[in-house]
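Structural overview for review
Residue-level listing of the chains:
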Amino acid sequence: MESLERVEKNIKDVKIQGAREIALYALKFLREFCKKNGFGLKFEVAAMILERARPTAVVLHNCLEIIKKEKKISTINELIKKLENSTKKISIIGQKIIPEEAKIMTHCHSGEALSVIKHANKIGKKISVIATITEPLHQGIKTVKELAKEKIPVTLISDNAIGFFIKNVDLVIVGSDAIRKEGFVNKIGTYLLALASKENEKPFFVVGNTLKFDKRKKLEIEERPGSEIYKKLKGVKIMNPAFDLVPWKYVEKIVTEKKIFNPNEIIKILSKNG
Ligand code: RUB
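My aim in this report is to walk through the structure given alongside it, one point at a time. Treat the numbers as computed from the prediction; the structure is a model and nothing was measured. (Residues numbered from 1 in each chain as written. Predicted model: local features only at pLDDT ≥ 70, side-chain atom pairs only at ≥ 80, totals over all residues. Heavy atoms only, no water.)

Some points on the sheet that holds strand E3 (residues 154–157)
Worth spelling out the cut-off: A pair of strands is considered paired only if DSSP assigns at least 2 bridges between the two. By definition, any uninterrupted DSSP run of H or I lasting at least four residues is a helix, any uninterrupted run of E lasting at least two residues is a strand, and each is numbered from the N terminus. Working rule for contacts: check all heavy atoms of both residues, and any pair within 4.5 Å makes them a contact. Note on definitions: angles span 0 to 180 degrees between N-to-C directions of axes, and those axes are lines fitted to C-alpha atoms, for helices only across the stretch in contact.
If you walk across this open sheet you meet the seven strands as E3-E2-E1-E4-E7-E9-E10, and the pairing is mixed. Two strands close off the open sheet at either side, each with one partner strand: E3 and strand E10 (260–261). When strand E1 (residues 101–106) meets strand E4 (residues 171–174), the two strands line up parallel, connected through two bridges. Among the inter-strand pairings, Met-105 is bridged to a residue of E4, identified as Val-172. Where helix H7 (residues 139–149) meets the sheet, its contacts fall on E1, strand E2 (126–132) and E3, and the angle it forms with E3 comes to roughly 165 degrees.

Brief notes about the site of the ligand
Our working definition: By convention in these notes, a residue is near a molecule or strand provided one of its non-hydrogen atoms lies within 4 Å of it. Each polar contact in these results corresponds to two N or O atoms within 3.5 Å; when the atoms are within protein, one needs to be able to donate a hydrogen and the other to accept it, and residues that are neighboring in sequence are counted only if both atoms are side-chain atoms.
The ligand sits among 17 residues. The nearest are Gln-17, Arg-54, Ser-110, Asn-186 and Lys-212. Between an oxygen atom of the ligand and a main-chain N or O atom of Glu-112, the distance comes to 3.0 Å. Within the side chain of Asn-186, one N or O atom sits 2.6 Å away from an oxygen atom of the ligand. For the shell around the ligand, the secondary structure elements donating two or more residues are helix H2 (19–37), helix H6 (111–122) and strand E6 (183–187).

Regarding the environment of Val-172
Rules: Throughout, exposure labels follow a simple rule: accessible area from a 1.4 Å probe, protein chains only, divided by the maximum for the residue type, with under 20% read as buried, over 50% as exposed, and the rest as partly exposed.
Mapped onto the elements, Val-172 comes out in strand E4. For Val-172, a relative accessible area of 0% gives the class buried. Distance from Val-172 to Val-45, taken between C-alpha atoms, is 39 Å for residues 127 residues apart in sequence. Apart from the residues within four sequence positions on either side, Val-172 is in contact with Met-105, Ile-166, Leu-193, Ser-197, Pro-203, Phe-204 and Phe-205.

A short note on the nonpolar core
We apply this condition: Here, the term nonpolar core denotes a set of buried Ala, Val, Leu, Ile, Met, Phe, Trp, Tyr and Cys residues that are joined through side-chain atoms within 4.5 Å.
Core analysis: the largest hydrophobic core is formed by 31 residues, its most contacted members being Ile-11, Leu-27, Leu-30, Leu-50, Ile-67 and Leu-83. In contact with Ile-11, other than residues within four places in its own chain, are Ile-16, Ile-22, Tyr-25, Ala-26, Leu-50, Ala-53 and Arg-54. If you look at the next biggest cluster of nonpolar residues, it comprises 25 residues, including Ile-166, Ile-179, Ala-194 and Leu-270.

Topic: a positive patch on the surface
Operational definition: Here a patch means residues that are over 30% exposed by relative accessible area and free of salt bridges, tied together within 9 Å if like-charged and within 5 Å if nonpolar (Val, Leu, Ile, Met, Phe, Trp, Tyr). Computed with the Shrake-Rupley method and a 1.4 Å probe, the accessible areas treat only the protein chains shown as cover for residues. Salt bridges are identified by distance alone: a Lys or Arg side-chain nitrogen within 4 Å of an Asp or Glu carboxyl oxygen. His is not counted, nor are the chain ends; Lys and Arg add positive charge and Asp and Glu add negative charge. To locate a charge, take atom NZ for lysine, CZ for arginine, CG for aspartate or CD for glutamate.
On the surface, Lys-181, Lys-215, Lys-268 and Lys-272 cluster together to form a positively charged patch. Inspection of the secondary structure assignment puts Lys-272 in the segment after helix H10 (263–271).

Quick notes on the packing of aromatic side chains
Quick note on the threshold: In summary, the pairing rule links any two rings of Phe, Tyr or Trp, Trp by its six-membered ring, whose centres are within 6.5 Å, and it sorts them by plane angle into stacked for under 30 degrees, edge-to-face for over 60 and tilted for everything else.
For the structure shown, the criterion picks out seven aromatic pairs. Centroid distance Phe-39 to Phe-43: 5.4 Å. Interplanar angle 65 degrees. Geometry classified as edge-to-face. With relative accessibility at 0%, the residue Phe-43 sits in the buried group. Between Phe-184 and Phe-204, the aromatic rings sit 6.1 Å apart at their centres with planes inclined by 45 degrees, giving tilted as the arrangement. Taken together, the residues span a long stretch of sequence, with Phe-184 in strand E6 and Phe-204 in strand E7 (residues 204–207) at a distance of 20 residues. Joined through ring pairs, the aromatic side chains of Phe-184, Phe-204 and Trp-248 make up one cluster.

Considering the pattern of salt bridges
Under the counting rule described, the total for this entry stands at 17 salt bridges. Glu-146 is the partner of Lys-118 in a salt bridge, and the nearest nitrogen-oxygen pair spans 2.9 Å. Of this pair, Lys-118 sits in helix H6 while Glu-146 sits in helix H7, placing them 28 residues apart in sequence. With a relative accessible area of 21%, Lys-118 lands in the partly exposed category. Overall, the relative accessible area of 24% leaves Glu-146 in the partly exposed class. Here Glu-265 ties to Lys-259 by a salt bridge, and the two come within 2.5 Å at their closest N and O atoms. Assessed through its relative accessible area of 26%, Glu-265 is described here as partly exposed. Several salt bridges share partner residues, and in doing so they unite Arg-54, Glu-222, Arg-224 and Glu-228 into one network.

Points about the packing of H6 against H7
Relative orientation and spacing of two packed helices are given, respectively, by the angle between their axes and the distance between those axes. For the record, the criterion: To sort the angles, those under 35 degrees are grouped as roughly parallel, those over 145 as roughly antiparallel, those from 65 to 115 as roughly perpendicular, and the leftovers as oblique. The sense of a crossing depends on the near helix, which, turned anticlockwise from the far helix by less than a right angle, makes the crossing left-handed and, turned clockwise, makes it right-handed. Gly is placed with the polar residues, together with every amino acid not listed as nonpolar (Ala, Val, Leu, Ile, Met, Phe, Trp, Tyr, Cys and Pro) or charged (Asp, Glu, Lys and Arg).
Interhelical geometry of H6 versus H7 gives an angle of 20 degrees and a closest axis separation of 11 Å. Between H6 and H7, the angle falls in the class roughly parallel. The element H6 and its partner H7 pack so that their crossing is right-handed. Between H6 and H7, the residues in contact are Leu-114, Ile-117 and Lys-118 and Thr-143, Glu-146 and Leu-147, respectively. Residues belonging to the contact of H6 with H7 are distributed by class as follows: three nonpolar, one polar and two charged.

Observations concerning unusual backbone geometry
Along the chain, Glu-135 connects to Pro-136 via a cis peptide bond; the corresponding omega equals 0 degrees. Take Pro-136: it is sitting in the loop between E2 and H7. Backbone geometry at Lys-71 places phi at a positive 50 degrees, although glycine is not the residue there. With respect to the helices and strands, Lys-71 occurs in the loop between helix H4 (59–70) and helix H5 (73–93). Residue classification places Lys-71 among the partly exposed positions, given a relative accessible area of 39%. Phi angles above zero are rare outside glycine, and Glu-201 is one such case at about 55 degrees. Secondary-structure assignment places Glu-201 in the loop between helix H9 (190–199) and E7. Assessed through its relative accessible area of 72%, Glu-201 is described here as exposed.

Function cannot be inferred from these measures alone, as they are strictly geometric.
Next comes the structure, spelled out in structure tokens:
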């Protein structure tokens, strides 16, 4: 079993990335941790450390809230199963948004968004993908490698080229870190991609399982080290927010494991108390 410090570091250093993967990794660690230490103070501290490692995504937070109430290994197992099964369901339900032939743009690396794209290819749709490299950590490389492995035609572009290439695509699909009443949160740059999509009348789709529904009062946008943007710079402040929030007016539909939602339905669900 890895140490808590190692798991925290792997999450912080983006060795494990994407909201769903981070939650699965943390849950699998906590399952072993709780078998050994139970659900007392040690668990509370470990849960807090893991949640703080990447504070913006909500899925791990939501899972931890459930575990804190039920305090059972079987609950952790159920959550792991739920996350795994929901991706399978999303990949199938998501086919409604992908035509038989489509040029798709995506940003960053989202396991859930890619599950829809990969399944479209698997069932014979003629799709191709334009993927942004995603500054500053280049998670887009992971995306293009995964798609190339599946023999899906894929083109890598710089984030700056979004405006240049958006005209060539039929739709945009991105993942999500948090689905909130005021909008959804995803990798920094998603907001600009949404603006470009709207201006060019390209439908913009969000993918995310319902454990990403976020009722936390405050949204904390993770600020990452400036050195990820530029090293060895003196006398200059660097800002490096990891995520941004996209208002619902830019979004066509939201694909979840339960159904495809309209933004208005999401706003209604997330505006309810409790
Ligand atoms: C990843 C990112 C992904 C979402 C959804 O950011 O923004 O689009 O987390 O991913 P980072 P998934 O690389 O900083 O973690 O669909 O895999 O949950």
